[in-house]
Amino acid sequence: KHVPVMESNVEEAVSNNIHGLLALLNVAQNSNCSAFVMISSDKAVNPTNVMGCTKRVGELILAAWPGEGLRCVSVRFGNVLGSNGSVIPLFQEQIRQNQPITVTHPDITRFFMTVSEAVSLVLQAFAIGRKGDILVLDMGEPVRVLELAKTLARLSGKSRPEFKFIG
């Protein structure tokens, strides 16, 4: 789930997101489950990192899963506010410690949603998804991550925060 951790541990990312998915699909198939929903990521759209690539491969595996009676659906969405790996606690900690705020790129955008919105999207995917679907449900408008960081800094009383673009 954490992009920097996956970038540093490619084999583990593949093991977790691809081999782990295959193991879960086999368990679901052997247990006669009727449906399987995979949480994907907006990073799978045009993958530029290990997480996006492994999530995209997972989507393709689900779309092609041959299992009889198992309806496999992928649902893509963005960052869940307050979840592990959310960028907001990272920004808040960097602001608190007067560190440069690290942003991937000045133009990068992401979708953000609350936990309840994320749960609702997963339930919608389960309800409406057909076998092999990769659902991209309405996540609202993408937010420029730099603008989000600037707003958090301003709300924390920092009028001129330092930003570091890390790629």
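Every value quoted in this text rests on a predicted model; they were computed, and no experiment measured them. (Residues numbered from 1 in each chain as written. Predicted model: local features only at pLDDT ≥ 70, side-chain atom pairs only at ≥ 80, totals over all residues. Heavy atoms only, no water.)

Our next topic: the overall build of the protein. For the protein, the helix and strand inventory stands at six helices and nine strands. Taking the principal axes of the C-alpha coordinates as reference, the protein spans close to 60 × 30 × 25 Å. Counting every position in the protein, which comprises 167 residues, the buried fraction comes to 37%. Restricting the contact set of the protein to residue pairs at least 6 apart, pairs at least 24 apart contribute 77%. For the protein, the exposed surface amounts to about 9,700 Å²; the carbon and sulfur share of it is 55%. On the protein, the mean spot of the 16 positive side-chain charges and the mean spot of the 14 negative ones are 4 Å from each other. (Helix = DSSP H or I, 4+ residues; strand = E, 2+ residues; numbered from the N terminus. Buried < 20%, exposed > 50% of the residue type's maximum accessible area, 1.4 Å probe, protein only. Contact = heavy atoms within 4.5 Å. Areas by Shrake-Rupley, 256 points an atom, 1.4 Å probe, with all protein chains shown as cover. Lys, Arg positive; Asp, Glu negative; His and termini not counted. Charge placed at Lys NZ, Arg CZ, Asp CG, Glu CD.)

With that settled, the discussion passes to the packing of helix α2 (residues 10-30) against helix α3 (residues 50-64). Packing of α2 against α3 brings their axes to within 9 Å, and their N-to-C directions diverge by 20°. Compared by their axis directions, α2 and α3 come out roughly parallel. As α2 packs across α3, the resulting crossing turns out to be right-handed. Across from V10, A13, V14, N17, I18, L21, L22 and L25 in α2, the residues of α3 making contact are V50, T54, K55, V57, G58, I61 and L62. Considered class by class, the residues forming the contact of α2 with α3 number eleven nonpolar, three polar and one charged. (Axes fitted to C-alpha atoms, helices over the stretch in contact; angles between N-to-C directions. Parallel < 35°, antiparallel > 145°, perpendicular 65-115°, else oblique. Left-handed = near helix turned anticlockwise from the far one by under 90°. Nonpolar A, V, L, I, M, F, W, Y, C, P; charged D, E, K, R; others polar.)

Okay, the sheet that holds strand β7 (residues 134-136) next. Read from one edge of the open sheet, three strands run β1-β2-β7, paired in parallel fashion. Edge strands, defined here as strands with exactly one partner in the open sheet, are β1 (35-39) and β7. Looking at each pair of strands side by side, their axes are set apart by 25° on average, direction ignored. Where strand β2 (residues 71-76) and β7 come together, three bridges link them in parallel fashion. Considered in β7, the bridge of V75 is made with L135. Against the sheet, α2 makes contact with β1 and β2, and its axis sits at roughly 160° relative to β1, the strand it touches most. (Pairing = 2+ DSSP bridges.)

Attention shifts here to the environment of L146. Relative to the helices and strands, L146 is located in helix α6 (residues 145-155). With 116 residues separating them along the chain, L146 and N30 place their C-alpha atoms 46 Å apart. Setting aside chain neighbours within four positions, we find L146 in contact with V103, P106, F163 and F165.

A word on the nonpolar core. V87, F91, I101, V103, L148 and L152 are the most contacted members of the largest nonpolar core, which has 13 residues in total. Counting residues per element, the ones that place at least two in this core are α4 (87-96), β4 (101-103) and α6. For this core, the element with the highest residue contribution is α6, accounting for six residues. Ignoring any residue separated from it by four or fewer positions in sequence, one finds I101 in contact with F91, Q94, I95, A149, A153, P161, E162, F163 and K164. (Core = buried A, V, L, I, M, F, W, Y, C linked by side-chain atoms within 4.5 Å.)

On to the pairing of β1. Of the two faces of β1, the one holding F36 and M38 is buried and the one holding A35, V37 and I39 is not buried anywhere. Relative to β2, β1 is paired through five bridges, and the arrangement is parallel. By the bridge assignment, F36 is partnered in β2 with C72. Assessed by its sense of winding, the connection that carries the chain from β1 through α3 to β2 is right-handed. (Right-handed = clockwise from strand over helix to strand, strands pointing away.)

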